[in-house]
Structure formats: C-alpha cells, structure tokens
Amino acid sequence: MTAAIQSGTPLQTVQADIVAPGPAGPLQGTLSSPANQDVPVVLIVPGSGPTDRNGNSPDGLRASTYRLLAEGLLSHGIASVRIDKRGMYGSASAIPDADDVTLDDYAADVHSWVASIRKHTGVSCVWLLGHSEGGLVALIAAQRTPDICGLILLSTAGRPLGEVLREQLRSNSANAPILDNAMSVLDALEAEKTVDATKIDPRLMPLFRPQVQRFLMSELTLDPATLLADYTKPALIIQGLRDLQVSPHDAQRLKQAYPRAELVLIANANHVLKSVHTADRNENLAAYSDPALPLADHVVEAISTFVHNRAVSQP
C-alpha cells in the first residue's frame, strides 16, 4: 500500500495485479485504486504496436503515458486498470502469436476486462479510456457491452485509418522516396488484398509487414465517427493541439458525429499527451521518450471532472 496526496490529505491507495480470461491464457494488468472506497474505475485501452500497460514499447516509446494517467486519476479519487495486450508482456500466454489479431479480438478482450473488473471491484460499470488506436478498440467494444459507463477518447482519429496514414506519411518530407509504394500498399489493403513482402519498400516494413496486414485490414474498414454516431452514453473527446499524428479536425469530426460528446482541446499536448510548448518537431518527438516529462496541463483534470460528474447519474 502506498500513499498519494489529494488536497493536502493523505489518500491510502492500493496497487495490485489483476487478471482477466484470455483466449488461451490470462490477460494481465495493474489495478491502481484508492483503498476501501467505492470509486469509479477507468480501463485504459492502449494504442498501436507493442505498447505495454505503462504506455511504453521497445520501439523507443518511453513516455509512460498510461502510468502517469493512472497516477493522476488516483490523485483525483479514480481507480484505473492498465493492461498488456493479448500475446504481449504479462499477457504473452493469452495467444501464441501477438500479431495474429484483429480489432474485434482486442474489443473481445475489453469485454473480458470489464467483466473481471466488475467482479473484482463490485462496480456496476466501467469507464473505457482509449488512447490513439485504443480509442477505436473502445468504440467497437462499447457497441456491444452494456456494462460500460461511458467513453473517453484520447488522441483518437476521427477518420478511417487509410486517410490518417496517408496524411501522416505525406506530412513528413523524408518519406517522399517511398510515398508511391506506401499509397499502393494502402490501396491494396483497403481492397482487402494482402501485399507480398517483396513488393514493400524495406523502409515501410515496420508499418506494412505481412504479419500485421490482417490486423490493418480489420482497422481500415472502420470509420470511428460512424461508430460514435451510434453511441448513446456519455463520451469525452480530448485532443492535443501539438499532436503530430491526429489533428483537431479528427476530434471535431467525432464531435459532429455525436454532438452530446464533450470536446476538450489541450493547447500544449502532443499525441502521447506530454507537454510541448513549441512547434519544433524534434522537441515534440523527444517527448515520446521522456518518462520524466509530465502530462500536459488539464488532461487528468478534464478526465476526472468528466467521470465524477457523470458517475453521479450512473446506476
């Protein structure tokens, strides 16, 4: 048991391992909660790639965004569960091959997590917080799970993935030599046709390698705004204005699809919700590998205010 501080008063907290059933083995995560209190619980759904429960990956991502979110929410009296994806890290035994997944598979794991969290904590419903690609997973899961209190979408694209990837690739001038190849691969995947590795520029293999093409095809067919338009429960959209990967236009498109949603724009937040105060691209990217850099101001406050205000009306 550790102690956190809220408004000058010691808050006794508990951090514990928590598990949920996976396809072939357990899914594992970390529960951070105020001790002996009936509090809201937020499930943090991670973004793309081999991102662990803390928000880090071997690819150089060391922002610890999910750990910092959990700590911030805890200081506001909100519990959270942050998780390892099926086939990775603590959840390695859940499936034999971490690449052999679809978005629907990840959404099924969210269903499993919601049931396990409710059983473990006694809450009637769980809040889903999806970051980046995790926002799309949360949107899919929320269509089918009645025991979800509401959605919190952080740095979540509001357009189909193909549009977002094309914009991201074109925005970096260094990609000019590989753009034609990238566009042709995207065209094929959108048509649900796999692309042989020999037809992919080696520099594009991290994005389009054959092992992940099934997953990409499952994502390319979906429109986040359409999914949100069919939603009926509370929703919060948070978008950083220093985000190099997802634009304010995405957030506005989500808001237009579901006008009841709350939209919060954070002036100095980048894609991993770190505080960045200039337009310098190198400074922005450096924040992805700096766990000591705090989350941008107002991120945690916006989430906690939303959850506490809506939790009053939850059953």
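Please refer to the structure placed before this passage.
Thresholds, definitions, all that
Residues numbered from 1 in each chain as written. Predicted model: local features only at pLDDT ≥ 70, side-chain atom pairs only at ≥ 80, totals over all residues. Heavy atoms only, no water. Core = buried A, V, L, I, M, F, W, Y, C linked by side-chain atoms within 4.5 Å. Buried < 20%, exposed > 50% of the residue type's maximum accessible area, 1.4 Å probe, protein only. Pairing = 2+ DSSP bridges. Helix = DSSP H or I, 4+ residues; strand = E, 2+ residues; numbered from the N terminus. Axes fitted to C-alpha atoms, helices over the stretch in contact; angles between N-to-C directions. Parallel < 35°, antiparallel > 145°, perpendicular 65-115°, else oblique. Left-handed = near helix turned anticlockwise from the far one by under 90°. Contact = heavy atoms within 4.5 Å. Nonpolar A, V, L, I, M, F, W, Y, C, P; charged D, E, K, R; others polar. Phe/Tyr/Trp six-rings, centres within 6.5 Å; stacked < 30°, edge-to-face > 60°. 1 Å grid on protein atoms, 1.4 Å probe; cavity = no way out; pocket = protein on both sides within 12 Å on 5 of 7 lines; lining within 4 Å. Points joined across faces, edges and corners; volume = space filled by probe spheres on them. Disulfide = S-S within 2.5 Å. Salt bridge = Lys/Arg side-chain N within 4 Å of Asp/Glu carboxyl O.

J.: It is not clear to me how the nonpolar core should be interpreted in this structure. Could you clarify?
T.: Within the largest apolar cluster, 46 residues are counted, with the highest numbers of intra-cluster contacts made by Leu43, Val81, Trp113, Ile117, Leu128, Leu151 and Leu228. Counting residues in each nonpolar core, the second largest holds 26 residues, with Leu69, Cys149, Leu236 and Leu273 among its members.

J.: Explanation requested: the pairing of strand 9 (residues 262-266) in the structure shown.
T.: Looking along a regular strand, one sees the side chains alternate between the two faces of the sheet. Where strand 8 (residues 235-240) and strand 9 come together, 5 bridges link them in parallel fashion. Within strand 9, the position partnered with Gln239 by the bridge is Leu265.

J.: Where do I start with the packing of helix 2 (residues 103-121) against helix 3 (residues 133-142) in this structure?
T.: The angle between the axes and the distance between the axes are what describe a pair of packed helices. Packing of helix 2 against helix 3 leaves a shortest axis separation of 8 Å and a crossing angle of 70 degrees. By the criterion of interaxial angle, the relationship of helix 2 to helix 3 is roughly perpendicular. Both helix 2 and helix 3 take part in a crossing whose hand is right-handed. Together, Leu103, Asp104, Tyr106, Ala107, Val110 and His111 of helix 2 and Glu133, Leu136, Val137, Ile140 and Ala141 of helix 3 make up the contact between the two elements. Each residue belonging to the contact of helix 2 with helix 3 can be placed in one class, and the counts come to 8 nonpolar, 1 polar and 2 charged.

J.: Would you take a moment to explain the packing of aromatic side chains for this structure?
T.: Where two aromatic rings form a pair, the distance of their centres and the angle of their planes describe that pair. The full count for this structure, using the stated rule, is 3 aromatic pairs. Between Tyr106 and Phe215, the ring centres sit 5.8 Å apart and the planes meet at 65 degrees, which makes this aromatic pair edge-to-face. Residue Tyr106 is located in helix 2, and its partner Phe215 is located in helix 7 (residues 210-220); the two are separated by 109 residues in the primary sequence. Taken as a pair, Tyr106 and Phe215 share a single burial class, namely buried.

J.: Can you walk me through empty space enclosed by the protein in this structure?
T.: A water-sized probe rolled over the atoms picks out the places where empty space is left. According to the stated counting rule, one finds 1 cavity of 30 Å³ or more in the structure shown. Size it by volume and the largest cavity reaches roughly 120 Å³. Val45, Pro46, Ile83, Lys85 and Tyr106 are the residues nearest the centre of the largest cavity, which is lined by 13 residues in total. When residues of the lining of the largest cavity are traced back to their parent elements, those giving at least two are helix 2 and helix 3. In terms of residue count, helix 2 provides more of the lining of the largest cavity than any other element does, 4 residues in total. When grouped by side-chain class, the residues that make up the lining of the largest cavity number 8 nonpolar, no polar and 5 charged.

J.: Can you help me understand the state of the cysteines in this one?
T.: Linking two cysteines covalently via their sulfur atoms produces the bond known as a disulfide. Considering all chains together, one arrives at 1 disulfide under this definition. Linked covalently through their sulfurs, Cys125 and Cys149 form a disulfide whose S-S length is 2.1 Å. Negative torsions about the S-S bond denote left-handed disulfides, and the value of about 105 degrees found for Cys125 with Cys149 makes this one right-handed. One end of the pair, Cys125, is in the loop between helix 2 and strand 6 (126-131); the other, Cys149, is in strand 7 (residues 148-154), and 24 residues separate them in sequence.

J.: Help me understand the environment of Ser116 in this model?
T.: Within the fold, Ser116 resides in helix 2. Ser116 gets classed as buried once you look at its relative accessible area, which sits at 15%. Spatially, the C-alpha atom of Ser116 lies 44 Å from that of Leu179, the residues being 63 residues apart in sequence. Setting aside its immediate chain neighbours within four residues, Ser116 contacts Val19, Ala20 and Pro21.

J.: Is there a simple way to explain the environment of Pro23 in this structure?
T.: Its place among the elements puts Pro23 in the loop between strand 2 (9-21) and strand 3 (26-34). If we ignore the near neighbours within four places in the chain, the residues touching Pro23 are Arg86, Ala94, Ile95 and Asp109.

J.: Help me understand the pairing of strand 3, please; the structure alone is not making it clear to me.
T.: Among the 9 residues in strand 3, 7 count as buried, and that is most of the element. Where strand 3 meets strand 5 (residues 79-83), 4 bridges bridge the pair, whose relative direction is antiparallel. From the neighbouring strand, Gly29 faces strand 5, where its bridge partner is Ile83.

J.: Can you walk me through the pattern of salt bridges in this structure?
T.: Opposite charge on two side chains makes pairing possible when the charged atoms of those side chains draw close. All chains considered together, the criterion is met by 13 salt bridges. A salt bridge links Asp84 to Arg53; its shortest N-O distance comes to 2.7 Å. With Asp84 in the loop between strand 5 and helix 2 and Arg53 in the loop between strand 4 (41-45) and helix 1 (65-75), the pair connects residues that are 31 residues apart, well separated along the chain. Look at Asp84 and you get buried, because its relative accessible area is 3%. A salt bridge links Asp147 to Arg118, with the shortest nitrogen-to-oxygen separation between them at 3.0 Å. One end of the pair, Asp147, is in the loop between helix 3 and strand 7; the other, Arg118, is in helix 2, and 29 residues separate them in sequence.

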